Each structure stands twice: as C-alpha cells, then as structure tokens.
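Spelled out, the chains give:
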Amino acid sequence: MPTSPASYNYSEVRLPCPYAAAHGDLDPGDYVVLSVSDTGTGMSPEIVARAFDPFFTTKPLGAGTGLGLSMVYGFAKQSSGHLRIYSEVGQGSTIRIYLPRHRGVVADPAARFATIGMPRAEAGETVLIVDDESAIRVLVREVLAELGYAALEAEDGSHALKILRSTNGINLLITDVGLPNGMNGRQLADAARQNQHDLRVLFITGYAEKAAVGNGLLEHGMDVMTKPFALHALASKIREMIH
C-alpha cells in the first residue's frame, strides 16, 4: 500500500448467498466491514492479485518482508471473514475486511480462549517480541495480552538488548531472524544469553529453518516457527517453551 494519508470507515452489510457462494468458504449473513483507503499511486490488477501472497512485496530489498497483508488476510480467514482490495493505478486503494457480526453477549476473554483450547499464561510471565514489522509486533502483542502475558516489544536488536538488560524476569524472547541495523535474531539471542543463560528463545522467520538458525543448530531452550503461522500454534509453542 502507498504511504499517503489513510482514511478509515466502519459499516455493516448483509452478504447474500450468491456473493458468499462466489467466495468459497464465506457464509451468507451479517458482517461488519472495516475499510482503509488512501489516495496514493494505486495498484495494477497484477499486483492486487498477488498482494496477499506471503513474502510478495514491491518494496526494495530490506524495506519490508511482504508479510503484513498476508497476516491480515490469515486473521480475516481465521475469523470466518473475508478481505478485498479495490484499487486503480493513480486512483489510490481501499482494503475492506469483512468479519461476521456477533449478536449476543460478549464472552469473557478467558472463557473464550479456554473454549478453543488456547493455553494461557501463569501469573507474572513476560515475553519480549522483536520484529521490524510493526504489524506482526502488534498482532503477537495483542494475542499475548489476551492470554494473560505481560508483553514488551522492540523493532531491532539494540533496542531489545536495552530492554533485556534493564528488565528482570523476561521468560521468553520471540525474535525475527532477519532484523535491521546490524544485528540478526541469532546474534541477539546469543548476546542476551550472556546475561541470562537460561533465557528461552523462539525464532520466527520466513526463511528456511536451517538457514535461519545456522545450519539448524539450536541450543537448549531454543525453537523456531516459520511465518505466517496460526495464532493457536503460536500460543501453544509459547506455553510449551515457558513451561
């Protein structure tokens, strides 16, 4: 998406059977629609067709991984919703997220997660998330908060080390492998363990797993997940590593 100022809109719609049938696993019914629009350069039909593909990006090397929209797309689908892009070159773009409307009492967050089997934190557990993609940091942080963890975040290795050296009781470091500004995720983990030898580390990466961690050599208390990942799988992995 271009970086021009964006506008936001909320609406409610009822999707008829023909529309739902044309989009595969989408059920007919009432939906809330969140729309984000800009007045930027727009996208060609070819780019629109690939915009949700993991790792597809029109940005130069090192300026983005192409995972932001694919993670949003995965969230929408995971929520039984739908995502559409409307764009023309020179006319800006609009992205609309369709989410099923809930009618009834909102469940307590703890009860909601318990019913779908997502393991929750124990008292006082803290996780540090390190990723240069703000969308991924926000998504992981919100999941952690819902599950009862205290969540801290950093955009690169140097900021993460400052947090690690000034904060006691971090139970798990979740870090991307490909970080900017001269320190990758494996180097961050090694530096962090010089002060906290038993720190658990979960690498999240879009690269092949063996290449991401140095020929697949993981030390005790380290593990790796490849992006994009299911939120339930992330919650289970976090609980497994901290326990």
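Quick caveat, the model's predicted, so the values are computed rather than measured.

(A) Broad picture of the nonpolar core. Within the largest apolar cluster, 23 residues are counted, with the highest numbers of intra-cluster contacts made by Leu172 and Ile238. Elements supplying a minimum of two residues to this core: β5 (126–130), α5 (134–146), β7 (170–176), β8 (200–205) and α9 (231–242). If one sorts the elements of this core by residue count, α9 sits on top with 6 residues. Leave out the neighbours within four places in its chain, and Leu172 touches Thr126, Val127, Leu128, Leu199, Arg200, Val201, Leu202, Ile238, Met241 and Ile242. Ranked by size, the runner-up nonpolar core spans 20 residues in total, among them Leu164, Val201, Phe203 and Met222.

(B) Spotlight on the sheet that holds β8. Read from one edge of the open sheet, 5 strands run β6-β5-β7-β8-β9, paired in parallel fashion. Every other strand in the sheet has two partners, leaving β6 (150–154) and β9 (222–226) as the edge strands with one partner each. The sheet shows a mean angle of 20° between the axes of neighbouring strands, taken without regard to direction. Those strands touched by helix α6 (residues 157–166) are β5, β6 and β7, and its axis lies near 140° from that of β6. Relative to the sheet, helix α7 (residues 185–195) contacts β5, β7, β8 and β9, its axis offset from that of β8 by approximately 170°.

(C) Region of the structure containing unusual backbone geometry. Residues other than glycine seldom take positive phi values, yet Asn181 does so here, at roughly 70°. Along the chain, the position of Asn181 falls in the loop between β7 and α7.

(D) Structural view of α9. Look at α9: 17 Å from first C-alpha to last across 12 residues, which is about the 16 Å you get at 1.5 Å a residue. Taken together, the buried positions of α9 are Leu231, Leu234, Ala235, Lys237, Ile238, Arg239, Met241 and Ile242. Buried-residue contacts for α9 involve α3 (68–78), β5, α5, β7, β8 and β9.

(E) Fine view of the confidence of the model for the chain. Overall, the prediction assigns the chain a mean pLDDT of 80, with 80% of residues at 70 or greater. Of all helices and strands in the chain, the one with the weakest mean pLDDT is helix α4 (residues 109–115) (44), whereas β5 scores best (95). Across residues 110–115, confidence stays below pLDDT 50; counting only partners more than four residues off in sequence or on other chains, it has 7 contacts.

(F) Examining the environment of Ile163 more closely. Within the element layout of this structure, Ile163 appears in helix α6. Exposure remark for Ile163: the relative accessible area of 19% places this residue in the buried category. Sequence spacing of Ile163 and Leu128 is 35 residues, and the spatial spacing of their C-alpha atoms is 8.5 Å. When near neighbours in sequence (up to four residues on either side) are disregarded, Ile163 contacts Leu128, Leu152, Glu153, Ala154 and Ile170.

(G) Broad picture of the pairing of strand β4 (residues 93–100). For β4, a buried count of 6 out of 8 residues is recorded, marking the element as mostly surrounded by other parts of the structure. Pairing of strand β2 (residues 29–38) with β4 involves 8 bridges; the strand directions are antiparallel. The residue of β4 that forms the bridge with Ser37 is Thr94. Strand direction decides the pairing type here: strand β3 (residues 82–87) and β4, joined by 6 bridges, are antiparallel.

What counts, and at which threshold
Residues numbered from 1 in each chain as written. Predicted model: local features only at pLDDT ≥ 70, side-chain atom pairs only at ≥ 80, totals over all residues. Heavy atoms only, no water. Core = buried A, V, L, I, M, F, W, Y, C linked by side-chain atoms within 4.5 Å. Buried < 20%, exposed > 50% of the residue type's maximum accessible area, 1.4 Å probe, protein only. Helix = DSSP H or I, 4+ residues; strand = E, 2+ residues; numbered from the N terminus. Contact = heavy atoms within 4.5 Å. Pairing = 2+ DSSP bridges. Axes fitted to C-alpha atoms, helices over the stretch in contact; angles between N-to-C directions. Expected span 1.5 Å × (residues − 1). pLDDT = per-residue confidence, 0-100.

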